[in-house]
Amino acid sequence: MSVGDGNRELQRALEQAIRGDQRAADRIGAALLAEDTECALLGQVALAAAGGSAAALDLLLTAIDQLPLLRAAIGRLVLEPATVDDVAQDVLIAVAEKIAGFRGEAKFTTWLYQVARFKAIDHLRRQRDDDSIDDEPAPGPTETERMSSLIASRSTIRDAIEALPEHYRTAVVLRDIERAPYAEIAARTGIPVNTAKTHVARGRALLAGRLATDAT
Amino acid sequence: MQLPERIGRYEVGRLIGTGAFSAVYQATDTRIGCEVAIKLLADHHSLDPDIRERFIAEARLLRRVNNPRVVRLYDLDETERLQPFLVMELVAGGNLAAVRAEAEGSSVAVGPADVMTVADEVTAALTALHEQRIVHRDLSPRNLLVRRGADTATPPRDRLIHPGDTIVLADLGLSKDLAASSGLTAAAGTDGFAAPEQRSAGVVDERADVYAASALLTWLALGRSDVDEPATAIRSAGWPEAFGAVLARGRSVDPAARPATIAAWHAAVRAALDPPPPAPAWQRSSARRWVAIAAAALLAGSAAGYGIAQLAGSDDPPATTVIQGDDGSLRAEHADGELVAAFGGPATLTVGERATFTADVAGAVSWLWLGAGGQVVPDEPRLAITPTSAGQLDLALVAIAADGTSVTASATLTVAG
């Protein structure tokens, strides 16, 4: 099979995934993780997400959360591994909120890199400012906390949550509405704690993207 | 500037120097009880994404190069204010500019031996960088530190750099990883040493360091680097004419007119200043095609008195697998993915008796045999050695892939009397 054939086949799978075909989506998800550094398919998925496809956004967020490129980009500015994870979460939410602005003029990885840099510096700045107030355990709202308040205050939230893929929906509801600790989410859904964290993070990002789309 | 009391867990002693974005301090690691040098990114620059990224990248480059000719990095950390800092080896001898200034005050004159030592050391350091496709871009007397050797308590009065001293590169802050970029870079460097192509944004490669190395030797010989006619100035100061010609060529405005590699530059400097090296102790074939990267490593290593153990990275666990057969044969092999360097032959040699080794190379476009005495034999399937003295003899084979990466298989052979 030539590269061109493979591209056409993936193109068809992407169209099917956007129409809601879960098997096609799984196929795209696997192809995204196996992609070379050019990340051509990722760019196509990003454009589909920018066009308003929820399925494409789901694929996009899952891929950039799993691929090493996001954390590598953040790691060029951030030394603490825990902070790298925090920034990665902020970036996922920012991508979900801002993907409509991605026009495909630059490569998606370039666009993502710029978002990651901005979010990394933003996070460091807040961290530094928080540290300068001694013994004040009241940091400013992080992206995720802001999301939670957003969730609490929006009437469209139920629809947005309902629209989430089930495993993300359960995790977000437990975490952000029932305020359950991650360990409890893990126990109640029968998944490892780290997976629970991942589901919450991606679910929030997806939600943010949908709420941002609804607001416009 | 006010001296910080502490940086991280380190107690600050004194300010050693300042740059555009950072300051370097002498500090004490109170846990281990040793002196270190700390390079701290200035507070008001530490959240500038470009400056912060470059600062952190320097640490990772230092770590990657991991060579005795580049200053040792102990740690990369950040303060509570999130200012990143590098914790490095404190090189007690000071920088080359200070060493030369001090010598000017005494009666020590810079001679060919000093120039050759600096050329050897700088070539060794730059070779380590260039092998990894890193261009230093800021070679200058202030960025070269003199690590004093153990035997310099009573230094010879007629030398600037003493036998046993090492010169180490201190600052990779402007270094460019060519493998990670197009080679297209912003303007940077130290006036009087930086190559012309660095004055504006453009394509920069290893030849920028050849320019700077030529400017450095000009400075070493004359006390200044900004001379219009290096060849004339060098000659009228009493240096060999060929030396001036090499420096002039190295400082050509057009990079293509310079020696193409630091190894070629070093060979030209040596030929201009030194008598030809003694005849090799073992026989070699007629092949003469030198392969830049490995030849550079060899020249640099041997000229500075380092043997093959050094080339293979003596700080690392040996990467070569050496197998001795029951029949007295030996096979040394080092593989890195597809690229394999290996050779086979007798494990024990006898003085005056010819022994033959056979190369076994895969995934390479070229290979080099390296002898302990500094001999290079490129691309020969077999190598004949006739040892002249008993003891031990280092032999290595470097396999070079099309992309310039290389692996080295090495073995220490026993020579019976």
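Quick summary incoming for the structure in this document. Every chain begins its residue count from 1, and numbering advances along the sequence as written. Chains carry letters and ligands carry numbers; both start at the beginning, A for chains and 1 for ligands, and go up in the order they are written. For a predicted model such as this one, the threshold for reporting local features is a pLDDT of at least 70, and the threshold for listing and counting side-chain atom pairs is 80 or more; totals across whole chains, interfaces and linings nevertheless cover every residue.

### Brief notes about the interface of chain A and chain B
Phase 1: On the chain B side, the residues contacting the ten residues of chain A number twelve residues.
Phase 2: Residues are grouped as follows: Ala, Val, Leu, Ile, Met, Phe, Trp, Tyr, Cys and Pro are nonpolar; Asp, Glu, Lys and Arg are charged; every other residue, Gly included, is polar. Counted by class, the side of chain A that touches chain B contains four nonpolar, one polar and five charged residues. What counts as a contact is two residues whose backbone-derived C-beta atoms lie within 7 Å of each other.

### A few points about the pairing of strand E6 (residues 84-89) of chain B
Residue and element names in this part refer to chain B.
Phase 1: Residues are called buried when their C-beta atom has 20 or more other C-beta atoms within 10 Å, exposed when it has 12 or fewer, and partly exposed otherwise; all C-beta atoms are positioned from the backbone. In this text, helices come from DSSP runs of H or I with a minimum length of four residues, and strands from runs of E with a minimum of two, each type numbered from the N-terminal end. Burial within E6 is extensive, with five of its six residues counted as buried.
Phase 2: Here, strands pair whenever DSSP counts at least two bridges between them. Pairing geometry for strand E5 (residues 73-78) and E6, over five bridges, is antiparallel. Looking at the pairing, Leu 73 lines up with Met 88 of E6.

### Comments concerning the packing of helix H5 (residues 68-75) of chain A against helix H6 (residues 81-98) of chain A
All names here are of chain A.
Phase 1: Two numbers describe how H5 lies on H6: the axes approach to 10 Å, and their chain directions differ by 120 degrees. Here H6 runs oblique to H5, going by the angle between their axes. Helix-helix and strand crossings are classified by hand; for H5 and H6 the assignment is right-handed. When H5 is examined against H6, the residues Leu 70, Arg 71, Ile 74 and Gly 75 are found in contact with a partner set consisting of Val 84, Val 87, Ala 88 and Val 91.
Phase 2: Within the contact of H5 with H6, the residues separate by chemical class into six nonpolar, one polar and one charged. Here an angle of 0 to 180 degrees is reported between the N-to-C directions of two axes, which are lines fitted to C-alpha atoms, with helices fitted over the stretch in contact. By the definition adopted for this analysis, an angle is roughly parallel if under 35 degrees, roughly antiparallel if over 145, roughly perpendicular if from 65 to 115, and oblique otherwise. Here is the rule for handedness: rotate from the far helix to the near one, and if that takes an anticlockwise turn smaller than a right angle the crossing is left-handed, while a clockwise turn gives right-handed.

### Considerations on helix H2 (residues 22-33) of chain A
All names here are of chain A.
Phase 1: For H2, which comprises twelve residues, the first-to-last C-alpha distance of 17 Å matches the rise-based estimate of 16 Å (1.5 Å per residue) to within 8%.
Phase 2: Along H2, the residues classified as buried are Ala 25, Ile 28 and Leu 32. The arc enclosing the buried residues of H2, seen along the axis, measures out at 60 degrees, which places them on a common side. Along H2, exposed side chains directed more than 90 degrees from the buried face belong to Arg 23, Ala 30 and Leu 33. A helix is expected to span 1.5 Å multiplied by its residue count minus one. An arc is given here, and it is the one of the directions from the helix axis to the C-beta atoms.

### Some remarks on the sheet that holds strand E1 (residues 6-7) of chain B
Residues and elements named next belong to chain B.
Phase 1: One open sheet holds the six strands; their spatial order is E1-E2-E3-E4-E6-E5, and the pairing between them is antiparallel. With partners counted over all chains shown, the strands left at the sheet margins are E1 and E5, one partner each.
Phase 2: Pairing analysis gives five bridges linking strand E4 (residues 34-41) to E6, with the strands arranged antiparallel. Bridge pairing links Ile 38 to Val 87 in E6.
Phase 3: Strands in contact with helix H1 (residues 49-65) are strand E3 (22-29), E4, E5 and E6; relative to E5, the strand with the most contacts, it is inclined by about 155 degrees.

### Here we look at the nonpolar core
Phase 1: Counting residues in each nonpolar core, the largest one holds 138 residues, and the members touching the most others are Val 45 and Val 95 of chain A together with Ile 38 of chain B.
Phase 2: When residues in this core are grouped by element, the largest group, eleven residues, is from helix H4 (residues 207-222) of chain B. To form a nonpolar core, buried Ala, Val, Leu, Ile, Met, Phe, Trp, Tyr and Cys residues must be joined through C-beta atoms within 7 Å.

In short, shape yes, function no, at least from these values alone.
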